[in-house]
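Here are the chains, one letter per residue:
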Amino acid sequence: MDRIRITGGNALRGIIPISGAKNAALPLMIASLLTSDTLTLENVPHLADVEGLMRILGNHGVDIAVNGRRERQENDYSRTIHFTCRTIADTTAPYELVSKMRASFWVIGPLLAREGRARVSLPGGCAIGTRPVDLFLEALTALGADIEIDGGYVNATAPKGGLLGARYRFPKVSVGATHVMMMAATLANGTTVIENAAREPEVLDLANCLNAMGAKISGAGTKTITVEGVASLSGARHRVLPDRIETGTYAMAVAMTGGDVTLEGTDAALLETALDTLRQTGAEITATETGLRIVRTGDRILPVDVVTEPFPGFPTDLQAQFMALMTRSSGVSHITETIFENRFMHVQELARLGARISLSGQMARVEGVSRLKGAPVMATDLRASVSLVIAGLAAEGETVVNRVYHLDRGFERLEEKLTRCGALVERVSE
Ligand code: UD1
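1. Some thoughts on the overall build of the protein
And then number 1: Helix and strand counts for the protein stand at 14 helices and 24 strands.
And then number 2: Expected size for 430 residues packed as a compact globule is a radius of gyration near 22 Å; at 21 Å, the protein falls within 12% of this value.
And then number 3: Carbon and sulfur atoms form 48% of the exposed surface of the protein, whose accessible area is close to 16,200 Å².

Have a look at this one:
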């Protein structure tokens, strides 16, 4: 199993290219199930989750060609991938595939909309909470689907003439359930109004792509999305938006180690709350024409309190990274997690590096220390893993992050991007 060895202490200086967003690429790829034409996606990141979803889509009958050719191109940062699903070969998404990645459950929406039925295993994914699927099932039921759970599978069936447009208000904001309801509603009979929808930029990216495919969606990016059903969708070409979580992660790494880094190919508007928070810690952040520049010169990291919230609030996917930064602040900060109930598994690992953190319910109290010291640590989920890398970059001596497969799910060429900026990071394979 691969490990990442980091020798801490170097400031980061240079340019880091930001990849396409994992959390946009996944639903966009799934949208290819909605049409028999080719959906071409540009700027698709090379990640284990993307590869995993390709396998799942292949099982449903999607023909996939990378950069116009069938073989994989290992050395491209940004890939263009063509997805063509002439016919749905299989409406079942089996446990062996879905259990590896929660987002693969989302195929339920397009399968149901196009084929009138779907049998999808209940999901697995990151161990960061119970993560139920009740909201998905309620939303699909609102569209007229008949849902039954049997042997760990959700069996969903649409009414004879297809799904029916409806008005539905989510009792809780869910990114995944918003994606699924929006996709399912594109082919429903009549108009669907989704209230209390997720406003994440990835939802807007998906809506833009679906509209390019012929869907009639308005209001994406706000709390109310309206989808007028159409009879069929066609192909389209769409560029995946930049990864705001990767952007924020590297910005936090620089805020912690000091230095001067330009993040290329990203957009500050995607993560204003997180960047404002970082500015309050003492980092200087300026938007450039093609991305943003982050500079940290002062040696004091100021403590700042954060509460995670649905977009446009502070993202839960940057909570662990921000906590790593706060372990070196000059005071006490409080970090409250409101999205996932079990997303503090990095706390005990950060403590191994010398961090002082105490937990009380959904709130962590982080007392800054003047130095962290390298140690072996274990990654437990995707964002927790990268928080350990950030902490390792600022720690004295050597930190070895075990179970790196979590990182490979969501961060493209992490060690290469950091090494180019002067960090001492290497992958050790066994
Ligand atoms: C997506 C992101 C993930 C991010 C999360 C919150 C992808 C691939 N993943 O995950 O990186 O951390 O948004 O920004 O885009 N919930 C229910 N019932 C449901 C569905 C969700 O109770 O049926 C709860 C979840 O347990 C959680 C909250 O709603 O507490 C938000 O989850 P959700 O927005 O659905 O997260 P994901 O879409 O899984």
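2. Brief notes about the site of the ligand
And then number 1: Surrounding the ligand, one finds 19 residues, the nearest of these being Asp134, Ser174, Val175, Asp317 and Ile339.
And then number 2: Taking Leu135, its main chain carries an N or O atom lying 2.8 Å from an oxygen atom of the ligand.
And then number 3: Contact between the ligand and Asp317: an oxygen atom at 2.6 Å from a side-chain N or O atom of the residue.
And then number 4: In isolation the ligand has 740 Å² of accessible area, and contact with the protein removes 91% of it.
And then number 5: Listing elements by their share of the shell around the ligand, those giving two or more residues are helix H5 (134-142) and helix H6 (175-186).

3. Some details on the packing of aromatic side chains
And then number 1: Inspection of every chain in the model, using the stated rule, returns three aromatic pairs.
And then number 2: On the numbers, 4.9 Å between centres and 85 degrees between planes, the contact of Tyr168 with Phe170 is edge-to-face. Take Tyr168 and Phe170: they sit in the same class, and that class is buried.
And then number 3: When the ring of Phe314 is compared with that of Phe322, the centres are 5.6 Å apart and the planes differ by 65 degrees; the resulting orientation is edge-to-face.
And then number 4: For Phe322, a relative accessible area of 0% puts it in the buried group.
And then number 5: If you follow Arg119 out to its NZ or CZ, it ends over the ring of Tyr153, 4.2 Å from the centre.

4. A short note on the nonpolar core
In a soluble, globular protein the nonpolar side chains are often hidden away together inside.
And then number 1: Phe105, Met182 and Leu210 are the most contacted members of the largest nonpolar core, which has 149 residues in total.
And then number 2: Not counting residues within four places of it along the chain, the set of residues in contact with Phe105 comprises Val98, Val120, Ser121, Pro123, Val133, Phe136, Leu137 and Val154.

5. Considerations on the sheet that holds strand S6 (residues 92-93)
And then number 1: Taking strand neighbours across the sheet as the criterion, the four strands line up as S6-S7-S9-S8 in an open arrangement whose pairing is mixed. Whereas interior strands pair on both sides, the edge strands pair on one side only; in this sheet they are S6 and strand S8 (146-150).
And then number 2: In this sheet, strand S9 (residues 153-157) lies alongside S8 in antiparallel orientation, the contact comprising five bridges. Its bridge partner being in S9, Ile149 is matched across the sheet by Val154.

6. What about the pattern of salt bridges?
And then number 1: Evaluation of the coordinates by the stated rule reveals 23 salt bridges.
And then number 2: We note a salt bridge from Glu398 to Arg5, for which the minimum N-O separation is 3.8 Å. Highlighted residues: Glu398 in strand S23 (residues 398-402) and Arg5 in strand S1 (residues 3-7), separated in sequence by 393 residues.
And then number 3: Measuring nitrogen to oxygen at the nearest pair gives 2.5 Å for the salt bridge that ties Arg237 to Glu42. Of this pair, Arg237 sits in strand S14 (residues 236-239) while Glu42 sits in strand S3 (residues 38-44), and the two are 195 residues apart along the sequence.
And then number 4: The structure contains a network of salt bridges with shared partners spanning Asp2, Asp408, Glu415 and Arg427.

7. Considerations on unusual backbone geometry
And then number 1: Geometrically, the link from Phe311 to Pro312 is a cis peptide bond, its omega value of 10 degrees lying close to zero.
And then number 2: Structurally, Pro312 can be placed in the loop between strand S18 (306-307) and helix H10 (319-326).
And then number 3: A positive phi angle, close to 55 degrees, is found at Arg403, a residue other than glycine.
And then number 4: Summarising the element assignment, Arg403 is placed in the loop between S23 and helix H13 (405-410).
And then number 5: We classify Arg403 as partly exposed; its relative accessible area is 33%.

8. Structural notes on helix H2 (residues 48-60)
The periodicity of an α-helix, 3.6 residues per turn, causes residues three or four positions apart to be oriented the same way.
And then number 1: For H2, with 13 residues, the first-to-last C-alpha span of 19 Å sits near the 18 Å given by 1.5 Å per residue.
And then number 2: Those residues of H2 not exposed but buried are Asp49, Val50, Glu51, Gly52, Leu53, Met54, Ile56, Leu57 and His60.
And then number 3: Gly61 sits one or two residues past H2 and shows a positive phi near 110 degrees.

9. Details of the pairing of strand S5 (residues 79-84)
And then number 1: The element S5 is extensively covered by neighbouring structure, given that five of its six residues are classed as buried.
And then number 2: Here S3 pairs with S5 via five bridges, running antiparallel. The residue of S5 that forms the bridge with Leu39 is Phe83.
And then number 3: In this sheet, S5 lies alongside strand S4 (residues 63-66) in antiparallel orientation, the contact comprising four bridges.

10. Observations concerning helix H1 (residues 22-31)
And then number 1: H1 sits mainly inside the fold: nine of its 10 residues count as buried.
And then number 2: Among the residues making up H1, those that are buried are Lys22, Ala24, Ala25, Leu26, Pro27, Leu28, Met29, Ile30 and Ala31.

11. Thoughts on the layout of surface pockets
And then number 1: In this structure, the second largest pocket spans a volume of roughly 270 Å³.
And then number 2: Surrounding the second largest pocket, 20 residues form its lining, Met256, Thr257, Arg328, Ser370 and Ala394 being those nearest its centre.
And then number 3: At the level of elements, helix H8 (244-257) and helix H12 (382-394) are the ones that each hand at least two residues to the lining of the second largest pocket.
And then number 4: Of the residues assigned to the lining of the second largest pocket, the class counts are seven nonpolar, eight polar and five charged.

12. Examining the side chain of Glu415
And then number 1: Tracing the sequence through the fold places Glu415 in helix H14 (residues 414-419).
And then number 2: For Glu415, a relative accessible area of 16% puts it in the buried group.
And then number 3: Only 2.5 Å separates the side chain of Glu415 from the side chain of Arg427, close enough to count as a polar contact.
And then number 4: Residues contacting Glu415, with those up to four places away along its chain left out, are Ile4, Val425 and Arg427.

Reading the values: rules and limits
- Residues numbered from 1 in each chain as written.
- Predicted model: local features only at pLDDT ≥ 70, side-chain atom pairs only at ≥ 80, totals over all residues.
- Heavy atoms only, no water.
- Helix = DSSP H or I, 4+ residues; strand = E, 2+ residues; numbered from the N terminus.
- Rg over C-alpha atoms; globule rule 2.2 N^0.38 Å.
- Areas by Shrake-Rupley, 256 points an atom, 1.4 Å probe, with all protein chains shown as cover.
- Near = heavy atom within 4 Å.
- Polar contact = N/O pair within 3.5 Å; in protein donor to acceptor, adjacent residues only side chain to side chain.
- Phe/Tyr/Trp six-rings, centres within 6.5 Å; stacked < 30°, edge-to-face > 60°.
- Buried < 20%, exposed > 50% of the residue type's maximum accessible area, 1.4 Å probe, protein only.
- Lys NZ or Arg CZ within 6 Å of the ring centre and 35° of its normal.
- Core = buried A, V, L, I, M, F, W, Y, C linked by side-chain atoms within 4.5 Å.
- Contact = heavy atoms within 4.5 Å.
- Pairing = 2+ DSSP bridges.
- Salt bridge = Lys/Arg side-chain N within 4 Å of Asp/Glu carboxyl O.
- Expected span 1.5 Å × (residues − 1).
- 1 Å grid on protein atoms, 1.4 Å probe; cavity = no way out; pocket = protein on both sides within 12 Å on 5 of 7 lines; lining within 4 Å.
- Points joined across faces, edges and corners; volume = space filled by probe spheres on them.
- Nonpolar A, V, L, I, M, F, W, Y, C, P; charged D, E, K, R; others polar.

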